[in-house]
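# A structural walkthrough
As a plain string of letters, each chain reads:
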Amino acid sequence: MKILILGAGKMGSFFTDVLSFEHEVAVYDVNPQHLRFMYNCYRFTKLEEIKEFQPELVINAATVKYTLDAFNQVLPLLPKDCIISDIASVKTGLQEFYEHCGFRYVSTHPMFGPTFANLDKLSTENAIIIKEGDHLGKIFFKDLYQRLKLNIFEYTFEEHDETVAYSLSIPFVSTFVFAAVMKHQDAPGTTFKRHMAIAQGVLSEDDFLLQEILFNPRTPAQVEGIRTELNELLDIISRKDAEGMHAYLTKIRKNIK
C-alpha cells in the first residue's frame, strides 16, 4: 500500500519505522530538518510531491494543534478513493470534519507515547479504534495494532472522549499539582524521584495538547473529584483522625486492585 504520513515528529517517525518495510511510505513535513533521520521512505517537503505520490492511505501524525490544518492542506491533492486517518489523542472537531470531508476515514488513538512507553515492547499498552469509520481502514489498523501486540478497544467518538477525560486528565492534573507545590530536594527519596520523572515527561508534551486534553468538556467533573478527595483527606489529616485515615486508605486500596 502507498501510505503518506503527515508530520515527522515522534509518532510520525514511529509509524514510519513500523510501516516502511512492508509498504511504500512517504513522510511529509514542512520543516526539512525534521526529515533528517527518516529512512526507508520518501521525504516530501512540497505539496506537489504528494499529488504525484497518489497515496492510498494518509496517516495524520501532525500535532493536535495542526491536525485539521494538515488535512485541509492535503485533501485537494489526494485521490478520491484515498482513506484518510488520524492518531490524535484529542478528537475535538474531527467527527464533524470527517462527516463533511468527502473521503473515507478511520480514526484511532494509540494510548501510549514515546515519552514513557517502551516502543519495542508494547504488549502492556492499549490502542483505541473509533467505531465510526471505514471498514477497510479499521481492518488495516486492527491488523497493525495486533502485530504490535497492543490491546485493542473499539469506542465511538463519544466514548473515546469520555475515556480520555478520565485516563489522561486525572494523572495530568495530579502531576501539575505535584509540580506546582514541589521544591528542590538535595536528597530525594525514591517515590519523589519517580513522581519527578513523570512530571518531567508530562510537562515535556506540547502545551496545546495538554490544554486540549484539559479543556475537554468532561474534564471539569474529573478535576472536581480530585478536589473533593483532597478536601476529605485534608480534613482527616487536620483532625489527626487515625480511624478515618485507616478507612480512607482501605477505600483507595480497593480502587487500585
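Anyway, here's the lowdown on the structure attached to this text. (Residues numbered from 1 in each chain as written. Predicted model: local features only at pLDDT ≥ 70, side-chain atom pairs only at ≥ 80, totals over all residues. Heavy atoms only, no water.)

## Examining the pairing of strand S2 (residues 24–28)
Within S2, four of the five residues are buried, leaving the element largely enclosed by the surrounding structure. Following the chain from strand S1 (residues 2–6) across helix H1 (residues 10–19) to the adjacent parallel S2, one finds a crossover that is right-handed. Sheet analysis places S2 next to strand S3 (residues 42–44), joined by three bridges and oriented parallel. Bridging from a neighbouring strand, Val27 pairs with Arg43 of S3. (Buried < 20%, exposed > 50% of the residue type's maximum accessible area, 1.4 Å probe, protein only. Helix = DSSP H or I, 4+ residues; strand = E, 2+ residues; numbered from the N terminus. Right-handed = clockwise from strand over helix to strand, strands pointing away. Pairing = 2+ DSSP bridges.)

## Structural notes on the sheet that holds strand S5 (residues 83–86)
Taken together, the eight strands give an open sheet; going across it, the order is S3-S2-S1-S4-S5-S6-S7-S8, and neighbouring strands pair in mixed fashion. Each end of this open sheet is capped by a strand with a single partner; those strands are S3 and strand S8 (151–155). If you compare each strand with its neighbour and ignore which way they point, the axes differ by 20 degrees on average. Relative to S8, strand S7 (residues 126–130) is paired through five bridges, and the arrangement is parallel. Counterpart to Ala127 in the pairing with S8 is Ile152. (Axes fitted to C-alpha atoms, helices over the stretch in contact; angles between N-to-C directions.)

## Points about the side chain of Asp29
Residue placement: Asp29 occurs in the loop between S2 and S3. Despite its burial, Asp29 remains without a salt bridge, the nearest opposite charge being carried by Arg36 at 11 Å. A polar contact is formed between the side chain of Asp29 and the backbone nitrogen of Asn31, at a distance of 2.9 Å. A polar atom in the side chain of Asp29 sits 3.2 Å from the side chain of His34. With residues near it in sequence (within four places) discarded, Asp29 still touches Gly7, Ala8, His34, Leu35, Phe44 and Thr45. (Lys, Arg positive; Asp, Glu negative; His and termini not counted. Salt bridge = Lys/Arg side-chain N within 4 Å of Asp/Glu carboxyl O. Polar contact = N/O pair within 3.5 Å; in protein donor to acceptor, adjacent residues only side chain to side chain. Contact = heavy atoms within 4.5 Å.)

## A word on the packing of aromatic side chains
Scanning the model with the defined rule gives 14 aromatic pairs in all. With a centroid separation of 5.3 Å and 85 degrees between ring planes, the pair formed by Phe140 and Phe141 is classed as edge-to-face. Here Phe141 falls in the buried class, since its relative accessible area comes to 0%. The interplanar angle of 45 degrees and the centroid separation of 5.8 Å between the aromatic rings of Phe141 and Tyr145 together place this pair among those described as tilted. On the criterion of helical spacing, the pair formed by Phe141 and Tyr145 is a turn pair, its members being four residues apart in helix H5 (residues 135–147). The residues Phe141 and Tyr145 share a single accessibility class, namely buried. Within the aromatic cluster, the residues linked to one another by ring pairs are Phe71, Phe97, Tyr98 and Tyr105. Sitting over the ring of Phe53, Lys2 keeps its end group 4.8 Å from the ring centre. (Phe/Tyr/Trp six-rings, centres within 6.5 Å; stacked < 30°, edge-to-face > 60°. Lys NZ or Arg CZ within 6 Å of the ring centre and 35° of its normal.)

Limitation: the analysis is restricted to geometry and does not speak to function.
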